[in-house]
2 protein chains.
Amino acid sequence: MNCKACQNSASCIIALFNKNEQENAMKYMTNYKYKKGKAIFYEGLDSESFLTIKKGIVKLVRNESNNCQILRFAKAGDPIGYRSLITHDVHSTSAIPLTDTTVCSFPKNVFLDELNYNIALTDKMLQLVANDLKHTDALLVHLTHKTAIKRIAKALLNIADIFGLNEETKMLNTSFSRYDISCIASVSTESCIRMLSELKSKGIIDLINRSIKIIDKKQLELISSSE
Amino acid sequence: MNCKACQNSASCIIALFNKNEQENAMKYMTNYKYKKGKAIFYEGLDSESFLTIKKGIVKLVRNESNNCQILRFAKAGDPIGYRSLITHDVHSTSAIPLTDTTVCSFPKNVFLDELNYNIALTDKMLQLVANDLKHTDALLVHLTHKTAIKRIAKALLNIADIFGLNEETKMLNTSFSRYDISCIASVSTESCIRMLSELKSKGIIDLINRSIKIIDKKQLELISSSE
DNA sequence: AAGATAATATGATATAAATCATATTGTAAA
DNA sequence: TTTACAATATGATTTATATCATATTATCTT
């Protein structure tokens, strides 16, 4: 329960707090555990805390017209839900764990007070948000102007990039349901399954039980980026 | 050519600079004029300056697979191209004037040096980027999960919101080509035209010569937000 | 004022992808 | 180890929207 002993401390944003405030933050820090699928926060609800992921994998999603869209992921060491704190706004996404997840929670004012005068922290947040924006801009254009097969190819590459690919087996380290992949790629689940079958039939991926093997990453890149 | 005399000075980001640096910034400021349609910067190119719009309207677009996507707009008083400066990155969008435009340009280091130690400036940029992210998140979900007519309805509302609606005539203050509207809504130009005709036939808008009259804004909102 | 040109409009057709239907398989629980 | 259920798979059909084709109109030029 102490930040100093935490394995994420090297990359943790709390490390940017001024010494005294760091101690203070630790004092007010609470850990929460969430089962896979159990929301950490919902879009539209008030943002009450500054949260970082201690352990686990989380998808940040929005629901629209009975559809789900995954906007980004977060994993151990990543903060989540900070955009709404910064603009004093409600959450614009829901955070749903893909695995059992532990979260470090700090009262929002501990964060906001520090943000007021700690330029290293403010700059770090600026970098984070600017990177999110860069990715969302790119994602938006990709999803709106590329065909389903290209979106699925990119979804697989993203999963491999973020969560890793087993060097030996070439299997995705984290297993995603077809439904989750369809929510990354903005495609119906059935279409997603069809696209995966198509990629399999071309020898680019393999579907083993319910997990995915990336046989030909180059080819996936070619497909996802082709005009 | 002096910031003090500028009509945008009240909202201009340069006003957040420390006194000395403000004087310095003004010294290095250059105005550039761009004709309608002539790019201010292109996606993929290095970001060399901190830019604000003195006069005019600019679309921030990305080209993908021979298609154009408008991600946001900027008008007098707005900075543009700052995301890439912040992450020391190439521009991720192109900036194309929709009207003849004048830009204030500051060497990037004048901006970045100040950003290093001016927390008011850093915080302002954080607010700007966080707002951009909020809008892009929402746009992404809207474009990927709503039908064309809903996207067109929203595009019209956005134009009205950002550039205003003449109180008396209910005409959009800024005239956009059907092509530009199609690039906001991620729809083909022909489909855009059909959707506008449909909205006209329902008495929600009117098409007078080449400009658009918003007759029933409520209805547009209903359409754009319906499931 | 007439003509040229680009923008707008509309019809016909093609196509990608959603939806609906049903079958099969993997996994977890009894 | 069998059963049950959810996840995956695949086929048939529908639908939205892009594309292609052509016509009409507005605006600008001379």
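The structure displayed is predicted, hence computed values, not measured ones.

As for the overall build of chain A
Next, step 1: For chain A, the count of helices and strands is 8 helices and 9 strands.
Next, step 2: Its C-alpha atoms give chain A a radius of gyration of 19 Å, near enough to 17 Å, the size a compact globule of 227 residues would have.
Next, step 3: Overall, the C-alpha framework of chain A stretches about 60 × 35 × 30 Å when taken along its three principal axes.
Next, step 4: Looking at chain A as a whole, 55% of its 227 residues qualify as buried.
Next, step 5: When the accessible surface of chain A is split by element, carbon and sulfur atoms take 49% of a total near 10700 Å².

Considerations on the sheet that holds strand β6 (residues 94-97) of chain A
Residue and element names in this part refer to chain A.
Next, step 1: Reading across from one edge, β4-β3-β6 is the order of the 3 strands in this open sheet, with antiparallel pairing throughout. Across the chains shown, the open sheet's two edge strands, defined by having one partner strand only, are β4 (67-75) and β6. Neighbour to neighbour, the strand axes of the sheet diverge by 35° on average, direction disregarded.
Next, step 2: Here strand β3 (residues 57-64) runs beside β4; their pairing, made up of 8 bridges, is antiparallel. Residue pairing in the sheet places R62 in a bridge with Q69 of β4.
Next, step 3: Packing of helix α6 (residues 178-185) onto the sheet brings it into contact with β3 and β4, and relative to β4 it is tilted by some 95°.

A look at the pattern of salt bridges
Next, step 1: Tallying each qualifying case throughout the model produces 16 salt bridges over all chains.
Next, step 2: The shortest N-O distance in the salt bridge between E23(A) and K4(A) comes to 3.1 Å. Here the residue E23(A) occupies a position in helix α1 (residues 19-28), and K4(A) occupies one in the segment before α1, the gap between them amounting to 19 residues.
Next, step 3: Classification of E23(A) as partly exposed rests on a relative accessible area of 42%.
Next, step 4: In this structure, a network of salt bridges that share partners links the residues R83(A), D89(A) and K134(B).

Looking at the domain arrangement of chain A
The accessible area lost on association of the parts is a frequent measure of interface size.
All names here are of chain A.
Next, step 1: With domains assigned, chain A is organised as domain 1 (3-118) and domain 2 (144-225).
Next, step 2: In this structure, domain 1 and domain 2 have C-alpha centres spaced 28 Å apart.
Next, step 3: Facing the 8 residues of domain 1 at the interface are 9 residues of domain 2.
Next, step 4: Both sides together, the interface formed by domain 1 and domain 2 hides about 860 Å², and carbon and sulfur atoms give 68% of it.
Next, step 5: Counting every contact that joins domain 1 to domain 2 gives 1 salt bridge.
Next, step 6: Between K59 and D180 there is a salt bridge, with its nearest N and O atoms 2.8 Å apart.
Next, step 7: Along the contact surface separating domain 1 from domain 2 lie 6 residue pairs in polar contact (both at pLDDT 80 or more).
Next, step 8: When contributions to the side of domain 1 that touches domain 2 are tallied by element, the ones reaching two or more residues are β3 and β4.
Next, step 9: Looking at the side of domain 1 that touches domain 2, the element that brings in the most residues is β4, giving 5 residues.
Next, step 10: When the residues that make up the side of domain 1 that touches domain 2 are grouped by side-chain class, the tally is 5 nonpolar, 1 polar and 2 charged.

As for the relation of the copies chain B and chain A
Next, step 1: Of the transformation placing chain B onto chain A, the axial shift is 0.0 Å and the rotation is 180°, giving an RMSD of 0.0 Å. These values place the two chain copies in the arrangement generated by a two-fold rotation axis.
Next, step 2: Both copies share a contact surface, since 98% of the interface residues of chain B are interface residues in chain A too.

Notes on the protein's contact with DNA strand D
Next, step 1: Taken together, 18 residues lie near DNA strand D, and R178(A), S197(A), A148(B), S191(B) and R194(B) sit nearest.
Next, step 2: The contact atoms of DNA strand D, taken as those within 4 Å of the protein, divide so that sugar and phosphate hold 64%.
Next, step 3: Separating a phosphate oxygen of DNA strand D from a backbone N or O atom of A148(B) is a distance of 2.9 Å.
Next, step 4: Between DNA strand D and the protein, one listed contact pairs a phosphate oxygen with a side-chain N or O atom of S191(B) at 2.5 Å.
Next, step 5: Looking at the surface near DNA strand D, the elements that each hand over two or more residues are α7 (189-201) of chain A together with α7 (189-201) of chain B.
Next, step 6: The dominant element in the surface near DNA strand D, judged by the number of residues it contributes, is α7(A), at 4 residues.

Focus on the pairing of strand β4 (residues 67-75) of chain B
Next, step 1: Counting buried residues in β4(B) gives 7 out of 9 residues, a clear majority hidden from the surface.
Next, step 2: The loop that links strand β3 (residues 57-64) of chain B with its antiparallel partner β4(B) comprises 2 residues; one of these, S65(B), has a positive phi angle of about 50°.

Let's talk about unusual backbone geometry
Next, step 1: In this structure, K170(A) is a non-glycine residue whose phi angle is positive, near 65°.
Next, step 2: In this fold, K170(A) is placed in the loop between α5 (148-163) and α6.
Next, step 3: Under the relative-accessibility criterion, K170(A) is labelled partly exposed at 37%.
Next, step 4: In this structure, N209(B) takes a positive phi of about 55° despite not being glycine.
Next, step 5: Looking at the secondary structure, you find N209(B) in the loop between β8 (205-208) and β9 (211-214).

So, the protein's contact with DNA strand C
Next, step 1: The environment of DNA strand C is made up of 18 residues, and the closest members are A148(A), S191(A), R194(A), R178(B) and S197(B).
Next, step 2: Counting only atoms of DNA strand C within 4 Å of the protein, the fraction found in sugar and phosphate groups is 63%.
Next, step 3: Contact between DNA strand C and S188(A): a phosphate oxygen at 3.1 Å from a side-chain N or O atom of the residue.
Next, step 4: Side-chain polar atom of R194(B) to a base nitrogen of DNA strand C: 3.0 Å apart, as the coordinates give it.
Next, step 5: Of all the elements in the fold, those that place two or more residues in the surface near DNA strand C are α5 and α7 of chain A together with α7 of chain B.
Next, step 6: If one sorts the elements of the surface near DNA strand C by residue count, α7(B) sits on top with 4 residues.
Next, step 7: Across the surface near DNA strand C, the residue classes tally to 4 nonpolar, 6 polar and 8 charged.

Parameters and conventions
- Residues numbered from 1 in each chain as written.
- Chains lettered and ligands numbered in written order.
- Predicted model: local features only at pLDDT ≥ 70, side-chain atom pairs only at ≥ 80, totals over all residues.
- Heavy atoms only, no water.
- Helix = DSSP H or I, 4+ residues; strand = E, 2+ residues; numbered from the N terminus.
- Rg over C-alpha atoms; globule rule 2.2 N^0.38 Å.
- Buried < 20%, exposed > 50% of the residue type's maximum accessible area, 1.4 Å probe, protein only.
- Areas by Shrake-Rupley, 256 points an atom, 1.4 Å probe, with all protein chains shown as cover.
- Pairing = 2+ DSSP bridges.
- Axes fitted to C-alpha atoms, helices over the stretch in contact; angles between N-to-C directions.
- Contact = heavy atoms within 4.5 Å.
- Salt bridge = Lys/Arg side-chain N within 4 Å of Asp/Glu carboxyl O.
- Domains from an automatic or database assignment.
- Buried area = accessible area lost by both parts, 1.4 Å probe.
- Polar contact = N/O pair within 3.5 Å; in protein donor to acceptor, adjacent residues only side chain to side chain.
- Nonpolar A, V, L, I, M, F, W, Y, C, P; charged D, E, K, R; others polar.
- Least-squares fit on C-alpha atoms with pLDDT ≥ 70 in both.
- Near = heavy atom within 4 Å.

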